[in-house]
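Given next are the chains, with one letter for each unit.
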Amino acid sequence: MTEDKPLHICTPLLESVPLSKKAGFKVYIKCDNLQPTASFKIRGIGNMCQKALKKGGNHIISSSGGNAGYAAAYAAKQLGIPATIVIPGSTPEFVADNMRDVKAHVIRHGKVWDHANTYALELAKEKEGSIVIHPFDHPDIWEGHATVIKEIKDQVPQKPDAVITCVGGGGLLCGVIEGLQSVGWMDVPVIAMETKGADSYNQAVNAGKLVTLPDITSLAKSLGALTVTEKTLEYYKQHPIHSVVLEDKDATQACINFLDDHRMLVELACGAVLAAIYEDVIPKLQKEGKLKDNIESAVVIVCGGASMTLQALLDYKKTVGIE
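Each residue is numbered by its place in its chain's sequence as written, counting from 1. For this predicted model, a pLDDT threshold of at least 70 governs which residues receive local features, and a threshold of 80 or more governs which side-chain atom pairs are given and counted, while totals over whole chains, interfaces and linings are taken from all residues. Where side-chain values are given, they derive from all heavy atoms of the structure, hydrogens and water being excluded.

## A short note on the nonpolar core
Move 1: To form a nonpolar core, buried Ala, Val, Leu, Ile, Met, Phe, Trp, Tyr and Cys residues must be joined to one another through side-chain atoms within 4.5 Å. When accessible area is computed with a 1.4 Å probe and restricted to protein chains, residues below 20% of their type maximum are described as buried, those above 50% as exposed, and intermediate ones as partly exposed. Ranked by size, the top nonpolar core spans 111 residues in total, and within it I191 and L274 carry the most contacts.
Move 2: With ten residues, the top contributor of residues to this core is helix α12 (residues 268-278).
Move 3: We call two residues in contact when some of their heavy atoms are within 4.5 Å. When residues no more than four places from it in sequence are discounted, the contact partners of I191 are A162, V163, I164, T165, H242, V244, V281, I282, L285 and L291.
Move 4: Within the second largest apolar cluster, seven residues are counted, among which are V86, I107, A116 and L123. Secondary structure is summarised from DSSP: a helix means a run of H or I of at least four residues, a strand means a run of E of at least two, and numbering begins at the N terminus for each.

Next up, the structure:
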């Protein structure tokens, strides 16, 4: 793999008949669950790794609740350099095994991502040539994630009336806004979805400043950053962004519905995005005057996730009380 060729692929954009029927307008799904690492993360992390390698880095160190770490491990293998990934205790063992399968050294530390990240930074100080890969808070990551919008611009038949995404730490949201600005879609609103208990962005928006959650209580652990990147608040003042929080039950039901509708298994973080359609979030925003009445189309970024199995989904279903 050359240092210049992107590590991500251009994923399909499909018009979803089931979601369009549910919404009452055309819904396009951007299938980043089909990335080599099963999530959008390889876009930004791959870009950051390639840039750091050119500057002389020789060992990737990353912290992650799963998807970012897997992307960093995959990038390291493609670029021919070693990787050390620090993961929190909440990460499923099979996800850690996926990282080991691409030759990464995996260390468990702490309960949540923030604890793992602190330890990863300590390790980086001990290793000369370390490339510290933050899961979401770096301009190179946002630049990489912006490619998802640039692809959508080339794939969609008309400018969408909304783009729907999720917010964990805010890396994807920053990339989406950068992408919208770069293609001249500054007027396209973004619906930023979270689950209750992992809603650090919504709380920050409401407070007008960064808010640190005491803990991540949502089942959607991939959304589990205690504090979002400050850049997301800057973009909130520059771009039409509508922050929405739903329950874990809504995200779980959306994953089940999407599996039935499209035969694709995605994480609860992605379920939160899909729930914007399944739980009629857009009509509610229209009623509040936040979105225009005559919506013709929307794009849902199916961010994917490597941390979901059928058994895990069935367990979540039982936990949230879905019959």
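Additional details are given in the paragraphs that follow.
## Overview of the sheet that holds strand β8 (residues 190-195)
Move 1: DSSP-based pairing: two strands are paired if at least 2 bridges between them are found. Taken in spatial order, the six strands line up as β1-β2-β10-β7-β8-β9 in an open sheet, and their pairing is mixed. Lying at the two open borders of the sheet, with one neighbouring strand each, are β1 (13-15) and β9 (241-246). On average, each strand axis in the sheet is tilted by 25 degrees relative to the strand beside it, whichever way the strands run.
Move 2: Strand direction decides the pairing type here: β8 and β9, joined by six bridges, are parallel. Across the sheet, the residue bridging to E194 is V245, located in β9.
Move 3: Most of the contacts of helix α7 (residues 147-155) go to strand β2 (residues 26-31), to which it runs at about 130 degrees, and overall it touches β1, β2, β7 (163-166) and β10 (297-302).
Move 4: Packed on one face of the sheet, helix α8 (residues 171-182) meets β7, β8, β9 and β10 and runs near 155 degrees to β7. Angles here are taken between N-to-C directions and fall from 0 to 180 degrees, while the axes themselves are lines fitted to C-alpha atoms, restricted in helices to the stretch in contact.

## As for the pattern of salt bridges
Move 1: Salt bridge criterion: a side-chain nitrogen from Lys or Arg within 4 Å of a carboxyl oxygen from Asp or Glu. One pass over the structure, following the stated rule, counts 15 salt bridges.
Move 2: Across the pair D4 and K54 runs a salt bridge whose closest N-O atoms are separated by 2.7 Å. Of this pair, D4 sits in the segment before β1 while K54 sits in helix α2 (residues 41-54), placing them 50 residues apart in sequence. Grouping residues by exposure puts D4 and K54 together as exposed.
Move 3: For D32, the salt bridge identified is with R43, shortest N-O distance 2.6 Å. With D32 in the loop between β2 and α2 and R43 in helix α2, this pair connects stretches of sequence that are eleven residues apart. For the pair D32 and R43, one class covers both residues: buried.
Move 4: Look at the salt bridges and you will find they share partners, linking K30, D32, R43 and E151 into a network.

As far as function goes, none of this settles anything; it's purely spatial.
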